[in-house]
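Chain and residue survey
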Amino acid sequence: MEEVRASSAWVASRSSHVTVDSSGIEKVVEKIKIPKVEWDFEGIHYFDNGPLTVQYLFVLDALNFCFWPDKDLHYDHLALGLKAALQNDKCVFEADHLKKLTGPQLRELLKWPRPLPLEDERARLLNEVGLVLEKDFEGKASNLVESCGKSAVKLVALVTRHFPGFRDHSVYKGHQVFLYKRAQIFAADVWGAFKGQGYGKFDDISSITMFADYIIPAVLQQLGVLKYSSALANNIKANIEIGSGSEEEVELRACTVYAVEKMRELISIKSGKEVLSVEIDLWLWSLGVQWPSLQHHRTLSIYY
């Protein structure tokens, strides 16, 4: 994941719309002790301690993006809806079914009463998951995980190599920027669900960065870690859509990765203990979803 860290730092050093405030990082780190947050702290995920859980997580993370166009739709609806579908039919996420699934069928699966945001893209990505799993991994996401040799970094590389829908990168001022939100969160979900054992045993989980999304930049901005230009702040406040791949959008995400890495370094220096970017991410995200007035940027994207 060094390419994620390095390219995010490159953006942060040239950013004009978003600034990482070092003094803000110091204040947050001084005041706040990052608690251990359990992966499934709300009990919303399917878990049976076997390969079906891995299949569920891969489907979940293939769809884990862009909820905001429907103000009533949240991540919980996705996780719980997929969980209920799997409990009702253990074959529902088999590759042969996924590769033919349509948008309306996905909506029905989730028991959602109206079209999902980017519904056609969601169906397309599930079709891709089914086709590639069937072609390269005997239909099973657990085979994908087992082929990574207990390396989260290798798992992210395998996912992004085989599944184009997970290739989350942009071009910023002529420089390629890698973020890989959904590929990394899949590795982290497997690690978290299995508590670092079995399918979730990764010897290099510390290499995974945070997952650049909508919520965490907004939390960091409220905490004084990120500073926005007045134009960007006004656009976010006015709910004006920010283009996918635009300078503002890439800066929001890359500066978030860079800021969390700096928080992690400082926490480790002050405490003498290693803290994972995954743990900081989970804590910031759980803080954000409990913050009803939090206003995030709006970008239509399949990557987060």
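Anyway, here's the lowdown on the structure attached to this text.

Each value, and the rule that gives it
Note on numbering: residues in each chain are counted from 1, in written sequence order. Restriction of local features to residues with pLDDT of at least 70 applies here, the model being predicted, together with a cutoff of 80 or more for giving and counting side-chain atom pairs; totals for whole chains, interfaces and linings are based on all residues. Note that the side-chain values use all heavy atoms of the structure and ignore hydrogens as well as water. By nonpolar core is meant a set of buried Ala, Val, Leu, Ile, Met, Phe, Trp, Tyr and Cys residues that side-chain atoms within 4.5 Å join together. Only protein chains enter the accessibility calculation, which uses a 1.4 Å probe; a residue whose area is less than 20% of its type maximum is buried, one above 50% is exposed, and one in between is partly exposed. Secondary structure elements are taken from DSSP: a helix is a run of H or I of four residues or more, a strand is a run of E of two residues or more, and numbering for both begins at the N terminus. Should any heavy atoms of two residues lie within 4.5 Å, those residues are counted as being in contact. Only Phe, Tyr and Trp rings take part, Trp by its six-membered ring, and two of them pair if their centres are within 6.5 Å. Stacked means planes under 30 degrees apart, edge-to-face means over 60, and tilted covers everything else. Between Lys or Arg on one side and Asp or Glu on the other, a salt bridge is scored when a side-chain nitrogen of the former is within 4 Å of a carboxyl oxygen of the latter. Given a helix with a known number of residues, its expected span is that number minus one, times 1.5 Å. Picture the helix axis, draw a direction to every C-beta atom, and the arc is the one those directions span. Axis definition: a line fitted to C-alpha atoms, over the contacting stretch in the case of helices. Angles run 0 to 180 degrees between N-to-C directions. We call two directions roughly parallel when the angle between them is under 35 degrees, roughly antiparallel when it is over 145, roughly perpendicular when it lies between 65 and 115, and oblique otherwise. The residue classification treats Ala, Val, Leu, Ile, Met, Phe, Trp, Tyr, Cys and Pro as nonpolar and Asp, Glu, Lys and Arg as charged. All others, Gly included, are polar. By convention the crossing between two helices is left-handed if the near helix lies anticlockwise of the far one by an angle smaller than a right angle, and right-handed if it lies clockwise.

1. Considering the nonpolar core
Phe58, Phe163 and Phe186 are the most contacted members of the largest nonpolar core, which has 103 residues in total. Per-element tally for this core: the top contributor is helix α13 (residues 247-271), with ten residues. When residues no more than four places from it in sequence are discounted, the contact partners of Phe58 are Val129, Leu133, Ala141, Leu144, Val159, Phe163, Phe166 and Phe186. Listed in part, the seven residues of the second largest apolar core include Phe65, Cys66, Tyr214 and Tyr304.

2. A closer look at unusual backbone geometry
One non-glycine residue, Cys66, lies in the positive phi region at around 50°. Following the sequence through the fold, Cys66 ends up in the loop between α3 (51-62) and α4 (75-88). Given a relative accessible area of 1%, Cys66 falls into the buried group. You will see that Lys195, though not glycine, has its phi angle at about 55°, which is positive. Following the sequence through the fold, Lys195 ends up in the loop between α10 (181-193) and α11 (215-222).

3. Some words on the packing of aromatic side chains
What the rule picks out here adds up to twelve aromatic pairs. When the ring of Phe58 is compared with that of Phe166, the centres are 5.3 Å apart and the planes differ by 5°; the resulting orientation is stacked. In this pair, Phe58 sits in helix α3 while Phe166 sits in the loop between α9 (152-162) and β2 (169-172), placing the two residues 108 residues apart along the sequence. As far as the burial class goes, Phe58 and Phe166 line up, both buried. Between the aromatic rings of Phe194 and Tyr199, the centroid separation amounts to 5.5 Å while the plane-to-plane angle is 65°, which identifies the pairing as edge-to-face. Comparing Phe194 with Tyr199 shows no difference in burial state: the two are buried.

4. Looking at the pattern of salt bridges
Enumeration over the complete set of coordinates arrives at 17 salt bridges. Between Lys100 and Asp96 there is a salt bridge, with the nearest N and O atoms lying 3.4 Å from each other. Accessibility expressed as a relative area gives 38% for Asp96, which makes it partly exposed. A salt bridge links Lys262 to Glu265; the nearest nitrogen and oxygen atoms lie 3.4 Å apart.

5. A word on helix α14 (residues 277-289)
If you check α14, its first and last C-alpha atoms are 18 Å apart, about what 13 residues at 1.5 Å a residue would give, namely 18 Å. Of all 13 residues that make up α14, eleven are buried, and the element is covered over most of its length. Turning to α14, its buried residues are Ser277, Val278, Glu279, Ile280, Asp281, Leu282, Trp283, Leu284, Trp285, Ser286 and Gly288. If you follow the buried residues of α14, they end up packed against α1 (2-14), α4, α10, α11 and α13.

6. A word on helix α2 (residues 22-31)
Residues lying three or four places apart along an α-helix face the same way, a consequence of the helix completing one turn every 3.6 residues. Along α2, the residues that are buried comprise Gly24, Ile25, Val28 and Val29. An end-on view of α2 places all buried positions within 130° of arc, on one side of the element. Exposed and oriented more than 90 degrees from the buried face of α2 are Ser22, Lys27, Glu30 and Lys31. Next to the buried residues of α2 lie β1 (18-20) and α13.

7. Some thoughts on the packing of α11 against α14
Look at α11 against α14: their axes get within 9 Å of each other, and the N-to-C directions meet at 85°. One element, α11, and the other, α14, form an angle in the roughly perpendicular class. Contact residues: α11 offers Ile215, Ile216, Val219 and Leu220, while α14 offers Asp281, Leu284, Trp285, Leu287, Gly288 and Val289. Along the lines of polarity and charge, the residues of the contact of α11 with α14 split into eight nonpolar, one polar and one charged.

8. A closer look at the packing of α9 against α10
Where α9 contacts α10, the axes come no closer than 9 Å and their chain directions differ by 135°. As far as their axial angle goes, α10 and α9 are oblique. The two elements α9 and α10 cross, and the hand of that crossing is right-handed. In this structure, α9 contributes Ala152, Leu155, Val156, Val159 and Thr160 to the contact, and α10 contributes Ala183, Gln184, Phe186 and Ala187.

Take it as geometry only, folks, not as evidence of what the structure does.
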